[in-house]
Amino acid sequence: MVRYRRLMGDNEMFVEGGIDTDRQRYPHCIVWTPLPLISWFFPLIGHTGICTADGVIHDFAGPYTVTVDNMAFGTPTKYWQLDPSKAKDMEWDAAVLAASQEYRGRMHNLFCDNCHSHVARALNLMNYDGKSNWNMFHIGVYLLLRSKFTGLGGVLRTYLPFLIIVAVILIVGILVG
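The structure reproduced in this document is the subject of the present report.

Parameters at a glance
Residues numbered from 1 in each chain as written. Predicted model: local features only at pLDDT ≥ 70, side-chain atom pairs only at ≥ 80, totals over all residues. Heavy atoms only, no water. Buried < 20%, exposed > 50% of the residue type's maximum accessible area, 1.4 Å probe, protein only. Helix = DSSP H or I, 4+ residues; strand = E, 2+ residues; numbered from the N terminus. Pairing = 2+ DSSP bridges. Core = buried A, V, L, I, M, F, W, Y, C linked by side-chain atoms within 4.5 Å. Contact = heavy atoms within 4.5 Å. Axes fitted to C-alpha atoms, helices over the stretch in contact; angles between N-to-C directions. Parallel < 35°, antiparallel > 145°, perpendicular 65-115°, else oblique. Left-handed = near helix turned anticlockwise from the far one by under 90°. Nonpolar A, V, L, I, M, F, W, Y, C, P; charged D, E, K, R; others polar. Phe/Tyr/Trp six-rings, centres within 6.5 Å; stacked < 30°, edge-to-face > 60°. Lys NZ or Arg CZ within 6 Å of the ring centre and 35° of its normal. Expected span 1.5 Å × (residues − 1).

**Let's talk about the pairing of strand E3 (residues 29-34)**
- In terms of burial, E3 is a largely internal element, six of the six residues being buried.
- Both faces of E3 are covered, namely the face carrying Cys29, Val31 and Thr33 and the face carrying Ile30, Trp32 and Pro34.
- Note that E3 and strand E7 (residues 78-81) share four bridges and pair antiparallel. For cysteine 29, the partnering residue across the bridge sits in E7 and is glutamine 81.
- Strand direction decides the pairing type here: E3 and strand E4 (residues 46-51), joined by five bridges, are antiparallel. For threonine 33, the partnering residue across the bridge sits in E4 and is histidine 47.

**What about the nonpolar core?**
- Formed by 20 residues in total, the largest nonpolar core has its most connected members in Ile30, Ile50, Trp92, Leu123 and Ile139.
- Listed by contribution, the elements that provide at least two residues to this core are E3, helix H2 (92-103), helix H3 (115-126) and helix H4 (136-146).
- Among the elements that make up this core, the one with the highest residue count is H3 (six residues).
- Among residues more than four places away in sequence, those in contact with isoleucine 30 are Gly49, Ile50, Lys78, Tyr79, Trp80, Leu82, Val119, Leu123, Ile139 and Leu143.
- Formed by seven residues, the second largest nonpolar core is a distinct cluster that contains Tyr26, Cys29, Val31 and Cys51.

**What about the packing of H2 against H3?**
- Where H2 meets H3, the closest approach of the two axes is 8 Å, and the angle between their N-to-C directions is 135 degrees. The angle between H2 and H3 places the two elements in the oblique class. Crossing geometry of H2 relative to H3 is assigned as right-handed. For the pair H2 and H3, the contacting residues are Trp92, Ala95, Val96, Ala98, Ala99, Ser100, Glu102 and Tyr103 in the first and Ser117, His118, Arg121, Ala122, Leu123, Leu125 and Met126 in the second.
- A per-class count over the contact of H2 with H3 returns ten nonpolar, three polar and two charged.

**Some thoughts on the packing of aromatic side chains**
- In the structure shown here, the tally under the stated rule is eight aromatic pairs.
- Look at tyrosine 128 and tryptophan 134: their rings are 6.2 Å apart centre to centre, the planes differ by 55 degrees, and that puts the pair in the tilted class.
- Exposure remark for tyrosine 128: the relative accessible area of 5% places this residue in the buried category.
- On the basis of relative accessible area, tryptophan 134 is assigned to the buried category, the value being 6%.
- Every member of this aromatic cluster is reached through a ring pair, and the members are Trp80, Trp92, Tyr128, Trp134 and Tyr142.
- Geometry around tyrosine 103 places arginine 106 over its ring, the cationic atom sitting 4.4 Å from the centre.

**Focus: helix H5 (residues 152-176)**
- For H5, with 25 residues, the first-to-last C-alpha span of 34 Å sits near the 36 Å given by 1.5 Å per residue.
- Buried within H5 we find Gly154, Thr158 and Ile165.

**Structural notes on the packing of H3 against H4**
- Look at H3 against H4: their axes get within 8 Å of each other, and the N-to-C directions meet at 95 degrees. Relative to H4, the element H3 lies roughly perpendicular. In this structure, H3 contributes His116, Ser117, Val119, Ala120 and Leu123 to the contact, and H4 contributes Met136, Ile139 and Gly140.

Honestly, it's all geometry; don't read function into it.
Laid out in structure tokens, this is it:
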């Protein structure tokens, strides 16, 4: 049953337990946001986090740092909502918290042990969907294929810098050529 409630002093209604992009709440989701400069040239590469049942984002932001409720590179532009009933070995929130605690003790490595690895670790701890071999590659591919944009702003933040760079290159190429 979906329940609605009014926040004190706020005229907006929201679905309790649902996606709330205004308040950055993404229950049982993996979220994605572009990385400055890198995503401008390669818009499929970005930063990920995993959210608790109440939608709070946990992301491996750098060496020995997991941020909570303050995603390192800005608000999410895409999300992939997962089914918490597919968590087999550990309760959803317990797995997210255990992975976050583990990654607070790890050095960040852009290519080998990064935010995607943190998300994969949480999914492996809970044995999500009967799989215990989640990795960076799986997270990236599933986000590419199954995620939804948070809205038009999410689409623009993801692709506009890349399109501007391509347009500049094309214009310069036409003018020079």
